[in-house]
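Geometric and topological summary
Given next are the chains, with one letter for each unit.
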Amino acid sequence: MTQSLDRGLRKTVDWSLVVSWLLLVLIGWVNIYASIQSSEPASIFDLHFRSGMQFLWICVALAMGMVVLFAVNPRLWEVISSPAYLVVLVLLVAVIFLGTEHKGSNSWFSIGSVSFQPAEISKITTSLLLAMVMSQAGFRFSLRRNRLRAALIVGLPMLIIVLERETGSALVYAGFLLPLYREGLSGWYLFFIGMAIALFVLTLASPPWVPFALIAAALLLYLLFYVRPIRHLRLRRRYLMRSLLAAIAGILMVFSTNVVFHYLLRDYQRNRIEVVLGLKDDPSGAGYNVRQSMIAIGSGGLFGKGFLHGTQTAYGFVPEQTTDFIFCTIGEEWGFAGCLLVLLLYAFLIGRIIVDADESREGFTRIYGYCVAGLLTMHLLINVGMTVGLVPVIGITLPLMSYGGSSLLSFTLLIFIFIALHRQENKYF
Amino acid sequence: MTLDRKNKFLLALGVIIAVLLGRIFHIQVMDGRYKSDAVRNAMVRQYIAPPRGIIYDRNGAILVGNKMCYDLLVTPKEVGPFDTLALAEVLDTSVAFIVERMHYYKANIRRIGWQSVPFIKQLGEAPYQRFVEEQYRFPGFKTETRTIRDYPFNAGGNLLGYISEVSPEYMAKHPGEYKSGDYYGKTGLEAAREQDLRGEKGYHIYLRDSRNRVQTAYNDGKDDKLAVPGKDVVTTIDAPLQQYGQLLMQGKKGSIVAIEPATGEILAMVSSPCIDVSVLSDVGRHYAEISRNPGKPMFNRTVMASYPPGSVFKIVNGLIGLQEGVLKPYYHYPCAKGYQYSTGHILGCHSHPSPLGFDEAIMMSCNAYFCHVLKNVLENPRYDSLSTAFTAWRQYVMSFGFGQRLGSDFPAELGGNIPTAAFYNRRYGRGHWRFPTIVSLSIGQGEIGATPLQIANLAAILANRGWYCIPHIVKDSEDISIDPKYHERHYTLVDTLEFRKVIPGMWRAVNAGYGSGATAVRGCVPGLDICGKTGTAQNPHGDDHSVFICFAPRDNPKIAVAAYVENAGAGGATACPIATLMVEKYLNGSIRPDRKGLEQDMIHKRLTRY
């Protein structure tokens, strides 16, 4: 412990990450207060209200962050990654049978008055195990075995979470594509995923010829710029076959979209997608949240209505305002200026983690950092996107700002493990 | 900097942030829609209805005031389980009614949402008191106070008019002034003085939450606006006289108009049958029965019915004859039970001595005399043709206020009708009509139509000896100054000197005593010097209409009255007693004992079935 301090905290700890963490947490806290503040003013520290509880959680998170940063040997994380992953996996399965049902999903454990979601911790353990496995010497994505291992590590918890009916949290696991991509996963995987999403949306929302045109255009460009220049005849034929198969898969996907959409998705999921695609106008049903959220943000203007002066915020027009829709409060009371500040803070936090991770000489730190960045990006994109009507309503939190100990503590742990790993490295180099 | 995978991701992150910010900028700054939606969401304007102006009579008595009434509202979403039977008892209503209403709310709960809807309107005083005591037992129910009109005098619904909720058409005609649910004066005085009476609405701006519960005043109430009460209106009506007129006219169809001659102020304006003031404050509920009534109580006969004036019009013809110089008071004309205007055609008359001078002709209302008068007027050699003479005659008549709207401040006034030469030219052909064709005009029959207001105005002209002020019902008061045109004198084309010559005949018609042959002896009130003229307007649809005009006292008159009672026979029989009772009531304040019997006869005389 004394050893770790002697090289100077200023040089070893990336304080900019700690400061942006603290700023986001405090901004979130103040806005939670604004969201519940109505005609009867109570203290921001009043434990009967969510702002007071969040303050308590912030104190706990800060303490935990300091412990992670200064009291725990960062090597521990690599060591415990496998057992922790397994334990959390067991918890994820157990919660299906033992957890309490909460808003239609079986993902919460309730112990006394405290409840927590194993899915939140699972993000950390998955990141750790992925970093551990992929940083081992000789791990190459060119080997199918390695690709399968990575897919299994990410896919297993994701699958269980889907079974818990927490589809939103499962979608966040798409963020793990980032470390995989960074470590050499072919960009074609990303391309195919992007194409699949595009085809899904276009099939639902545009004239029927559009998705086919997209497939044809992609195929044509591929053939022109990738396949034609290949001189080797057999190789060229093989690429030709592959690309044609991919196109056929795309066409099958277009035809199956309606089946998936109407038979595999639940009603509320289908409604939310229809609302965001503008296929359905349902301001009092599925579209209520989004509409009220957009009204709250949209009424903020350039500089907002001022702290505690948001009318939509104060009077409960937006449901789930302290948790999933906390961004509405920022939008309404602080306006575009506030949104800009918050989003730039997130961009800085994520970007800084990427830069730090990329500079790292240790594979474990680098891969873990990319996991953190990927998860944060997915949360940010989905949460903010949903409040402004760009993404279907998916119930996930805005990292560090939404009300709730489970989310705050797990994101704090996620980030501070990275800060600790990064500091560890600074101590040596 | 190379575009390695790290930088590709940083770029992607930048794009994501930029897309989100772009979207946010669009909805926050570019698109104003969300701001107005937010205002609609959170701000409620609670309008404060200004107290409507009070309508006073000329002596300061309240004709139309305001009183509180209580509506029971219910917010269906806040209604908990409650004792239906207890509520029914408290409200004096049936369980079935409550159950039916609650079912209705349940079926429409999506549309109603968190709104409060009226459950019972105009709750009585006793149920209101009981409800307030037991309100805690019925969550979701609450009372709301508003003011409705109150009518201390039975001064007649047609005169006062009523207020009703604005219709979409009315709102379209007055853009921006009314909101749905506001009240406006629909008829009568309420309509005529709407601009003064209504006042200006005020409002509180409140912030409400997502369940439509008011939370706090917006901006500490700095943007609130106080209601400006409506202006009070002082009318020229004499409330006791008006009420007395209503009493006299009950069971009869027709009108009474009383005017103060020197000012043109209308003292009473009775149209019968009329809407009873007891239903005026909630006229909507009684609308169906009112509109089904064959007596057409909505119809204000004093200004909207055009009748032949009958014999009272003889005075106009006489005055024109005097002015034209073709009649002298000493001219005597014979009458052999009528006037033979062409071979074999006689315009009949009743029995009276013959020949008569001008005074007696007025007093006894001789038809033949006035046929001679009009013949002399129209066949006056001064004019080159009958048509020119007729046009001159018409100009005289028009100067008495006939044949056009008088311009009273009362809404929906009709102008009556005085035919033109062109009209007869059209009907009979140019040069094909002569005096015998239009002989009926001599006695106020034929194509002449006049409203009771115009006939009363004639009485006022006679009282003033030649001029009138436009009859009106609103006086100058603290709040309101009326159009100066109501203070102007309008002179007729007949000189004041000539008017003096008709007064003795009118005086004698009333005061000559029984056995003299005078037509209006029943109207004699010793000491009041009433001057009057009867009329019996022939009515092709039934019994004759009974008409009477009078003023009193003879010198410096204080009141001029016209009574027009439909299907009531001779003018002396019904209209004369009614009009003179009005005069007596106004001038003496009470009815002489020897006329009490007459008064009772008039009050109980029933000429209609409704």
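Whatever comes next refers back to the structure up there.
Only a predicted model underlies this, so the values are computations on that prediction, with no experimental measurement involved. (Residues numbered from 1 in each chain as written. Chains lettered and ligands numbered in written order. Predicted model: local features only at pLDDT ≥ 70, side-chain atom pairs only at ≥ 80, totals over all residues. Heavy atoms only, no water.)

**Considering the nonpolar core**
Residues Phe327 and Tyr368 of chain A are the most contacted members of the largest nonpolar core, which totals 113 residues. It is helix H16 (residues 326–359) of chain A that contributes the most residues to this core, 16 residues altogether. Those residues within four positions of tyrosine 368 of chain A in sequence are excluded, and the remaining contacts are Ile124, Ser127, Leu128, Ala131, Leu413, Leu414, Ile417, Phe418 and Leu421 of chain A. Membership of the second largest hydrophobic core comes to 110 residues, among which are Tyr162, Ile362, Phe390 and Ile448 of chain B. (Core = buried A, V, L, I, M, F, W, Y, C linked by side-chain atoms within 4.5 Å. Buried < 20%, exposed > 50% of the residue type's maximum accessible area, 1.4 Å probe, protein only. Helix = DSSP H or I, 4+ residues; strand = E, 2+ residues; numbered from the N terminus. Contact = heavy atoms within 4.5 Å.)

**Some remarks on the interface of chain B and chain A**
Many structure descriptions define interface size as the accessible area lost when the parts assemble. With 30 residues of chain B at the interface, the matching set in chain A holds 49 residues. Between chain B and chain A lies a buried interface of about 3,400 Å² when both sides are counted; carbon and sulfur atoms form 73% of it. Where chain B packs against chain A, one counts 1 salt bridge. Its salt-bridge partner being aspartate 37 of chain B, residue arginine 291 of chain A comes within 3.7 Å of it at the nearest N-O pair. Counting across the interface, chain B meets chain A through 7 residue pairs in polar contact (both at pLDDT 80 or more). When residues of the side of chain B that touches chain A are traced back to their parent elements, those giving at least two are helix H1 (5–30), helix H2 (33–42), strand S8 (202–208) and strand S9 (214–217) of chain B. It is H1 of chain B that contributes the most residues to the side of chain B that touches chain A, 17 residues altogether. Looking at the side of chain B that touches chain A, its residues break down into 16 nonpolar, 5 polar and 9 charged. (Buried area = accessible area lost by both parts, 1.4 Å probe. Salt bridge = Lys/Arg side-chain N within 4 Å of Asp/Glu carboxyl O. Polar contact = N/O pair within 3.5 Å; in protein donor to acceptor, adjacent residues only side chain to side chain. Nonpolar A, V, L, I, M, F, W, Y, C, P; charged D, E, K, R; others polar.)

**Describing helix H7 (residues 144–163) of chain A**
All names here are of chain A. In this model, H7 (20 residues) spans 27 Å end to end at C-alpha, consistent with the 28 Å of a helix rising 1.5 Å per residue. The largest bend along H7 measures about 30 degrees and falls at glycine 155, with the proline proline 157 one to four residues further on. Listed as buried for H7 are Asn146, Ala150, Ile153, Val154, Pro157, Ile160 and Ile161. Summarising the contacts, the buried residues of H7 are in contact with helix H5 (75–98), helix H6 (118–134), helix H8 (167–172) and helix H9 (177–182). Where H7 terminates, the next one or two residues include arginine 165, which has phi positive at roughly 60 degrees. (Expected span 1.5 Å × (residues − 1). Bend = angle between axes of the 7 residues up to and from the residue.)

**Quick word on the packing of helix H3 (residues 15–36) of chain A against helix H18 (residues 405–428) of chain A**
All names here are of chain A. Two elements in contact, H3 and H18, have axes separated by 11 Å at closest approach and are oriented at 170 degrees. Considered as vectors, H3 and H18 are oriented roughly antiparallel to each other. Residues Leu17, Val18, Trp21 and Val25 of H3 form the contact with H18, whose own contacting residues are Leu408, Thr412, Ile415, Phe416, Phe418 and Ile419. When grouped by side-chain class, the residues that make up the contact of H3 with H18 number 9 nonpolar, 1 polar and no charged. (Axes fitted to C-alpha atoms, helices over the stretch in contact; angles between N-to-C directions. Parallel < 35°, antiparallel > 145°, perpendicular 65-115°, else oblique.)

**Overview of the pairing of strand S3 (residues 62–74) of chain B**
Residues and elements named next belong to chain B. As judged from the 2 bridges shared by strand S2 (residues 55–56) and S3, these two strands associate in the antiparallel manner. Paired with isoleucine 55 across the strands is valine 64, a residue of S3. In textbook terms, the turn of a hairpin is the stretch between consecutive antiparallel strands, and for S2 and S3 this stretch comprises 5 residues, one of which, glycine 60, has a positive phi near 90 degrees. As paired elements, S3 and strand S4 (residues 117–123) share 4 bridges and run antiparallel to each other. By the bridge assignment for S4, leucine 72 is matched with isoleucine 120. (Pairing = 2+ DSSP bridges.)

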